[in-house]
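Below, each chain spelled out in residue letters.
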Amino acid sequence: MSVPSDVDLLEEMVRIPSPSGAEHRLSAFLAEAMTGLGLDAHVDEVGNVVGVTGTGDGPTVVLLSHLDTVPDPMTPRRESDRIIGRGAVDAKGPLAAMVMTAAASTDFPGRLVVAGVVEEETPGSRGAMHVRATWPCPDAVVVGEPSGWQNVVIGYKGKLDLRYRVHRAATHPSNPVEKATEAAAAFWHDAVAAAGPEVSHAAFDLPGVTLVAMSGDTTDATLELSYRTPVGFDDAALLERLRSVSRGGGLELLNSVSAVRSDRRDPVVRALTAAIREVGGTPRPKLKTATSDMNTLAEVWPVPMATYGPGDSSLDHAADEHILIDDYRCGIAVLRRAVTDLGRRPPAAAVSPSAISPGGRS
């Protein structure tokens, strides 16, 4: 395999389908590509692809993004100024930028690790969960998601996924007793109220709730709900309130992850911000009302951390998903400068447990 250029690497990544659970072709391709670019690369036991470089005993910096996309294929292609296709923005563009950054950082005075993880688009985040359970805690982390090359994401809402099931005895539709469908409809109304007096998916500091799926009839009904929760939100209290209004139904917790928010003084935030300015951009901190693998990692790694990557996040999962080549290259330039900055920090100085506040910690 010849050593790919930055654009060729991303174009080929976008051409390889990688819906959640079927990332193996992309991970194999990237392991070979990273080896050709001078990294020590392998695919781990869950399918994550990992590349390592560096020369010394300085800090360990992790650049982590995800391999998988939503299962909604597009016809991939390159036009004059952009690459079009599923994953171009979310998150193959950020991941390719991280790979090219690591390939240009073989003199990193520590250990630079780039990882493409599996199943981020699923509730379980299997790849990131494996990483946090099996890797030693690094000194700093950059999570790769589309922030726009001039923006740094410093926080994400948390997430609580639930399934509600209710059964009622079979009866004639005209019988005035409550049916399963009616109980489920009433539970949904109470589930919104249980989140608090104000709910909003648009506001970072307020919870939001979505009715993701519903099915059933008069005897059996099922709802799937997803709460997006702010920093400090009391998940246990919400579950207690929901059980108190369950109307005899069962409540199953499918997934939960705490909200996360980094301080603007966080070393990773500062390194990315300075790098954006050096490349000619105007940096802006952003708070996201969705979740990412930053939430998953921050629950157990109390280290400087932020999310960064080229690409317009409004195009995530969109029918016209694409990334501008100039933006992609600016993202590489920013990451290279930020990594250089982080490499100058001794390991002890790079770790700052108070710099990030996962879950309810402030």
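Residues numbered from 1 in each chain as written. Predicted model: local features only at pLDDT ≥ 70, side-chain atom pairs only at ≥ 80, totals over all residues. Heavy atoms only, no water.

*Asks:* How do you make sense of the overall build of the chain when you look at a structure like this?
*Replies:* In terms of helices and strands, the chain carries 10 helices and 17 strands. Radius of gyration (C-alpha) of the chain: 22 Å, near the 21 Å computed for a compact globule of 362 residues. For the C-alpha atoms alone, the extent of the chain along its principal axes is close to 75 × 45 × 40 Å. Across the 362 residues of the chain, 54% fall into the buried class. Partitioning the intrachain contacts of the chain with sequence separation of at least 6 by distance along the chain shows that 80% fall at a separation of at least 24. (Helix = DSSP H or I, 4+ residues; strand = E, 2+ residues; numbered from the N terminus. Rg over C-alpha atoms; globule rule 2.2 N^0.38 Å. Buried < 20%, exposed > 50% of the residue type's maximum accessible area, 1.4 Å probe, protein only. Contact = heavy atoms within 4.5 Å.)

*Asks:* It is not clear to me how the pattern of salt bridges should be interpreted in this structure. Could you clarify?
*Replies:* Note that side chains of opposite charge can pair when their charged atoms are close. Tallied over the full model, the rule gives 20 salt bridges. The shortest N-O distance in the salt bridge between glutamate 252 and arginine 163 comes to 3.2 Å. In this pair, glutamate 252 is assigned in strand E12 (residues 250-257) and arginine 163 in strand E9 (residues 158-167), connecting sequence segments 89 residues apart. We note a salt bridge from glutamate 252 to arginine 165, for which the minimum N-O separation is 3.5 Å. Of this pair, glutamate 252 sits in strand E12 while arginine 165 sits in strand E9, and the two are 87 residues apart along the sequence. (Salt bridge = Lys/Arg side-chain N within 4 Å of Asp/Glu carboxyl O.)

*Asks:* Would you mind showing me how to read the layout of surface pockets here?
*Replies:* Empty pockets left among the atoms are what a rolling probe the size of a water molecule brings to light. For the largest pocket, the calculated volume is near 780 Å³. Around the largest pocket sit 36 residues that line it, and Glu120, Glu121, Lys159, Arg228 and Thr291 are the ones nearest its centre. Listed by contribution, the elements that provide at least two residues to the lining of the largest pocket are helix H4 (126-134), E9, strand E11 (220-229) and E12. A per-class count over the lining of the largest pocket returns 11 nonpolar, 13 polar and 12 charged. (1 Å grid on protein atoms, 1.4 Å probe; cavity = no way out; pocket = protein on both sides within 12 Å on 5 of 7 lines; lining within 4 Å. Points joined across faces, edges and corners; volume = space filled by probe spheres on them. Nonpolar A, V, L, I, M, F, W, Y, C, P; charged D, E, K, R; others polar.)

*Asks:* When you look at the sheet that holds strand E16 (residues 322-324) in this model, what are you seeing that I'm missing?
*Replies:* Across a sheet, paired strands are connected by hydrogen bonds in the backbone, their directions being either parallel or antiparallel. Within the open sheet, the 3 strands sit side by side as E4-E5-E16. Their pairing is antiparallel. Either end of the sheet is taken by a strand with one partner, and the two such strands are strand E4 (77-78) and E16. When E4 meets strand E5 (residues 82-84), the two strands line up antiparallel, connected through 2 bridges. Each residue of the ladder has a partner; that of arginine 77, found in E5, is isoleucine 84. Contacts from helix H3 (residues 88-103) reach E5 and E16, with the element oriented near 45° to E16. (Pairing = 2+ DSSP bridges. Axes fitted to C-alpha atoms, helices over the stretch in contact; angles between N-to-C directions.)

*Asks:* Any chance you could explain the packing of H3 against helix H9 (residues 325-343) here in plain terms?
*Replies:* Packing of H3 against H9 leaves a shortest axis separation of 9 Å and a crossing angle of 50°. By the criterion of interaxial angle, the relationship of H3 to H9 is oblique. Crossing of H3 over H9 shows right-handed handedness. Every residue of H9 that contacts H3 at Gly93, Ala96, Ala97, Met98, Met100 and Thr101 is listed here: Tyr328, Ile332, Leu335, Arg336 and Val339. (Parallel < 35°, antiparallel > 145°, perpendicular 65-115°, else oblique. Left-handed = near helix turned anticlockwise from the far one by under 90°.)

*Asks:* Before we go on, may I ask you to explain the nonpolar core in this structure?
*Replies:* Most often, soluble globular proteins have nonpolar side chains that are buried together. By size, the foremost hydrophobic cluster in this structure holds 58 residues, and its most contacted members are Leu9, Leu30, Val114 and Leu272. The residues touching leucine 30, leaving out its near neighbours within four places in the chain, are Leu9, Met13, Val49, Leu67 and Leu95. Membership of the second largest hydrophobic core comes to 21 residues, among which are Ala183, Ala194, Leu225 and Leu239. (Core = buried A, V, L, I, M, F, W, Y, C linked by side-chain atoms within 4.5 Å.)

*Asks:* Explain the confidence of the model for the chain to me, please; I cannot follow it from the model alone.
*Replies:* Should pLDDT be low for a region, the predicted coordinates there are not to be read in detail. The pLDDT averaged across the chain works out to 94; a share of 95% of its residues lies at or above 70. A low-confidence stretch, residues 349-362 (pLDDT under 50), is modelled with 39 contacts involving residues beyond four sequence positions or located in other chains. (pLDDT = per-residue confidence, 0-100.)

*Asks:* Explain the side chain of serine 200 to me, please; I cannot follow it from the model alone.
*Replies:* Along the chain, the position of serine 200 falls in the loop between helix H5 (180-194) and strand E10 (208-216). From its side chain, serine 200 meets the backbone nitrogen of alanine 202 in a polar contact 3.0 Å long. In this structure the side chain of serine 200 is engaged in a polar contact, spanning 3.3 Å, whose partner is the backbone nitrogen of alanine 203. Discounting residues that sit within four places of it in the chain, serine 200 has contacts with Lys157, Leu206, Pro207 and Gly208. (Polar contact = N/O pair within 3.5 Å; in protein donor to acceptor, adjacent residues only side chain to side chain.)

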